[in-house]
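An overview of the molecular structure
Here is what each chain is made of, one letter per residue.
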Amino acid sequence: MKKLMFAVVSGLLALTVSACGTGTDQAASTSGAKKYVFGTDATYPPFEFEKDGKYVGIDIDLINAIAKEEGFEVEIKPMDFKGIIPAVQAKQLDGAIAGISINDKRKEILDFSEPYYQAGLSLVVREDNTTINGEADLAGKTIAIKKGTTGATFADELGQKYGATVKYFDDSPSMFQEVQNGNADVTIEDYPVISYKITVDPASKLKIVGDRLNGDHYGIAVLKGNKELQDKLNSGLKKLKENGKYDEIINTYLSTKK
């Protein structure tokens, strides 16, 4: 597990922020601009990960670019994915950008920006596995999955449908390791994430099998009713897509836009 830490963009000194979901109570940065704290899962490349002591990835670059367009400051708070949504609800975070799939259950408790990426879940096995080629082959198998994710919900459904055992983990590396070590037969991960991992790490000895299981879209989450921040996010996203910066960010980490 990576140690929880705070990283403040634009070279600003770290501030103690009591994050809340309303703009009127929001702390200001030293520049006078409004400052928002966003939670993320820093073990989720290519969307967010640590490199050379800094947090990088599609989501990190995207929220910083939106902030620049809309004139606010951002503080990134890495944490376990399963704790991100509760932290937004508790007003410990203003928002979250962590490859969060938009679904009806989450929309009951959070508001989202417009979708910014279409992902979709895929089955992932060891590269020497020839027995699993699709979900129909999961009968009696063991599925490793990260807690609190859309993949976990899907794994639960597949487990009930095919009589598979589901094992839960706090982070993606542990989930992958379980499959690599042969302690689980398969995992479920967002297609761009696992595709990126296999491309940059051939030693992972993993492969994608079958068709995508769904067509999830990612969105930036905010506290329910925080229309001010939601509008800023949507406005910034629109500007980035119009001026080409969105494509530039995506293509920095992935070869084609989804």
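Residues numbered from 1 in each chain as written. Predicted model: local features only at pLDDT ≥ 70, side-chain atom pairs only at ≥ 80, totals over all residues. Heavy atoms only, no water.

Helices and strands together make up the secondary structure of the protein chain, namely eight helices and 16 strands. Per-residue burial over the protein chain gives 51% buried out of 258 residues. Counting only contacts in the protein chain whose residues sit at least 6 apart along the sequence, the fraction spanning at least 24 positions is 72%. For the protein chain, the computed accessible surface area is about 11800 Å², with 49% contributed by carbon and sulfur atoms. (Helix = DSSP H or I, 4+ residues; strand = E, 2+ residues; numbered from the N terminus. Buried < 20%, exposed > 50% of the residue type's maximum accessible area, 1.4 Å probe, protein only. Contact = heavy atoms within 4.5 Å. Areas by Shrake-Rupley, 256 points an atom, 1.4 Å probe, with all protein chains shown as cover.)

In terms of burial, strand E11 (residues 142-146) is a largely internal element, five of the five residues being buried. In E11, alternate side chains face the same way, and those of Thr-142, Ala-144 and Lys-146 on one face and Ile-143 and Ile-145 on the other are all buried. A crossover connection joins E11 to the parallel strand E12 (residues 165-169) through helix H4 (residues 150-162); in handedness this β-α-β unit is right-handed. Across two bridges, E11 lies against strand E13 (residues 186-190) in parallel orientation. The residue of E13 that forms the bridge with Ala-144 is Thr-187. (Right-handed = clockwise from strand over helix to strand, strands pointing away. Pairing = 2+ DSSP bridges.)

Another point: the sheet that holds E11. Spatially, E12-E11-E13-E10-E14 is the arrangement adopted by the five strands of the open sheet, whose pairing is mixed. Of all strands in the sheet, those bounded by a partner on one side alone are E12 and strand E14 (206-209). Each strand axis lies, on average, 35° off the axis of its neighbour in the sheet, ignoring direction. Across four bridges, the pairing between strand E10 (residues 121-126) and E14 is antiparallel. Bridging across to E14, Leu-123 finds its partner in Val-209. Here helix H5 (residues 172-180) sits on the sheet in contact with E10, E11, E12, E13 and E14, set at roughly 145° to E13. (Axes fitted to C-alpha atoms, helices over the stretch in contact; angles between N-to-C directions.)

This part covers the environment of Gly-99. With respect to the secondary-structure elements, Gly-99 resides in the loop between strand E7 (95-96) and helix H3 (104-107). Sequence separation between Gly-99 and Phe-47 is 52 residues; the distance between their C-alpha atoms is 6.7 Å.

For the coordinates displayed, the defined rule picks out eight aromatic pairs. For the ring pair Phe-47 and Tyr-218, a centre distance of 5.0 Å and an interplane angle of 80° mean the geometry is edge-to-face. Note that Phe-47 is positioned in the loop between strand E3 (43-44) and strand E4 (48-51) and Tyr-218 in strand E15 (residues 217-218), a separation of 171 residues in sequence. Accessibility classification places Phe-47 together with Tyr-218 in one group, the buried group. For the pair Phe-49 and Tyr-253, a centre-to-centre distance of 6.3 Å together with 90° between the ring planes defines the contact as edge-to-face. (Phe/Tyr/Trp six-rings, centres within 6.5 Å; stacked < 30°, edge-to-face > 60°.)

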